[in-house]
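# Examination of the molecular architecture
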Amino acid sequence: MDSRLTAAVAVVVGVAVAALGAIRYLSAGAPPPFDPFATGIFVVGTGVLLVVAGGLAFANALDHLALRAATGVGAVTLLLAAFSPGSLRFGGVFWLALVAFALVGAGAYRTVDASRAA
């Protein structure tokens, strides 16, 4: 796969995750308890991290396993937020959103690190 295509997919998935997270969890119509808001912060943060990693990878023509893995986790997060938004705050706890944020964050860190070395 072309390195710029991988990075472009990461950016598109990241934008979609951030936008859907903001709509589902942070909008004025979202339920008032704290947990959905915290879930929204992690989901939107996941999208932003993926956009940054994808943008840097696109600029430097990088394509590596960490970016692909982060994009995959971001895509799963997008699907969960779209079709089963309650699953990211299973049992009222935002642990799954936190896990997605951590995994995408690790992939984004590796991408940023690789882009500095390039």
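Positions within a chain are numbered from 1, following the residues in the order the chain's sequence is written. Reporting in this predicted model follows two pLDDT cut-offs: at least 70 for local features of residues, and 80 or more for side-chain atom pairs to be given and counted; totals over whole chains, interfaces and linings ignore these cut-offs and use all residues. In computing side-chain properties, one takes all heavy atoms of the structure into account and sets aside hydrogens as well as water.

### Some words on the packing of helix α1 (residues 3-26) against helix α3 (residues 65-83)
This is how it is decided: Each axis is a line fitted through C-alpha atoms, taken for helices only over the stretch in contact, and angles between the N-to-C directions span 0 to 180 degrees. In this text, helices come from DSSP runs of H or I with a minimum length of four residues, and strands from runs of E with a minimum of two, each type numbered from the N-terminal end. Note that the term roughly parallel is reserved for angles under 35 degrees, roughly antiparallel for angles over 145, roughly perpendicular for angles of 65 to 115, and oblique for everything else. Handedness of a crossing follows from how the near helix is turned relative to the far one, being left-handed for an anticlockwise turn of less than a right angle and right-handed for a clockwise one. Between two residues, a contact is recorded if the distance between any of their heavy atoms is within 4.5 Å. Residue classes follow a fixed rule: Ala, Val, Leu, Ile, Met, Phe, Trp, Tyr, Cys and Pro count as nonpolar, while Asp, Glu, Lys and Arg count as charged, and any other residue, Gly among them, counts as polar.
One can describe the packing of α1 onto α3 by two numbers: an axis separation of 9 Å at closest approach and a directional angle of 30 degrees. The angle between the axes of α1 and α3 places the two elements in the roughly parallel class. Judged by the sense of rotation from one axis to the other, the crossing of α1 with α3 is left-handed. Between α1, through T6, A7, V9, A10, V13, A16, V17, L20, R24 and Y25, and α3, the contact on the second element is made entirely by L67, R68, T71, G74, A75, T77, L78, A81 and A82. Its residues placed into classes, the contact of α1 with α3 shows 13 nonpolar, 4 polar and 2 charged.

### Describing the environment of A108
Structurally, A108 can be placed in helix α4 (residues 95-117). Ignoring anything within four residues of it in the chain, the contact list for A108 reads L49 and A53.

### So, the environment of W95
Here is the rule we go by: Between buried and exposed lies partly exposed: a residue is buried under 20% and exposed over 50% of the maximum accessible area for its type, with that area taken using a 1.4 Å probe on protein chains only.
Inspection of the secondary structure assignment puts W95 in helix α4. Using a relative accessible area of 41% as the deciding quantity, one classes W95 as partly exposed. Spatially, the C-alpha atoms of W95 and A38 are 10.0 Å apart, while their sequence positions differ by 57 residues.

### Here's the deal with the side chain of T39
For T39, the position within the fold is in helix α2 (residues 34-60). Judged by its relative accessible area of 0%, T39 is buried. Apart from the residues within four sequence positions on either side, T39 is in contact with Y25, L88, R89, F94 and A97.

### Description of the pattern of salt bridges
Heads up, the condition is: Any Lys or Arg side-chain nitrogen found within 4 Å of a carboxyl oxygen on Asp or Glu counts as a salt bridge.
As enumerated under the stated definition, the model contains 1 salt bridge in all. One salt bridge connects D63 with R68, and the closest N-O pair in it is separated by 2.7 Å. Taking relative accessible area as the criterion, D63 reaches 27% and is therefore assigned partly exposed.

### Remarks on the confidence of the model for the chain
The following threshold applies: pLDDT expresses, on a scale from 0 to 100, how confident the predictor is about each individual residue.
With 88% of its residues at a pLDDT of at least 70, the chain reaches an overall mean of 86. Within the chain, the element-level pLDDT minimum falls on α2, averaging 88, and the maximum on α3, averaging 92.

### Looking at the packing of aromatic side chains
Selection rule: Stacked, tilted and edge-to-face pairs are distinguished by plane angle, under 30 degrees for stacked and over 60 for edge-to-face with tilted covering the rest, among Phe, Tyr and Trp rings (Trp via its six-membered ring) whose centres lie within 6.5 Å. A ring has a charge above it when a Lys NZ or an Arg CZ is no more than 6 Å from the ring centre and no more than 35 degrees off the ring normal.
Throughout the structure, instances matching the rule amount to 1 aromatic pair. R4 extends its terminal NZ or CZ atom over the ring of F58, reaching a point 5.1 Å from the ring centre.

### Some details on the nonpolar core
Here is the rule: Side-chain atoms within 4.5 Å link the members of a nonpolar core, which is a set of buried Ala, Val, Leu, Ile, Met, Phe, Trp, Tyr and Cys residues.
In terms of nonpolar packing, the biggest core is built from 19 residues, with V43, L50, L67 and L88 touching the most fellow members. For this core, the secondary-structure elements that each account for two or more residues are α1, α2, α3 and α4. When residues of this core are assigned to their parent elements, the largest contribution, 6 residues, is made by α1.

### Some remarks on α4
Stated precisely, the cut-off is as follows: Any helix carries an expected span of 1.5 Å times its number of residues minus one.
An ideal rise of 1.5 Å per residue puts 33 Å on 23 residues; α4 measures up with 33 Å between its terminal C-alpha atoms. Along α4, the positions that sit buried rather than exposed are A97, A100, V104, G107, A108, T111 and S115.

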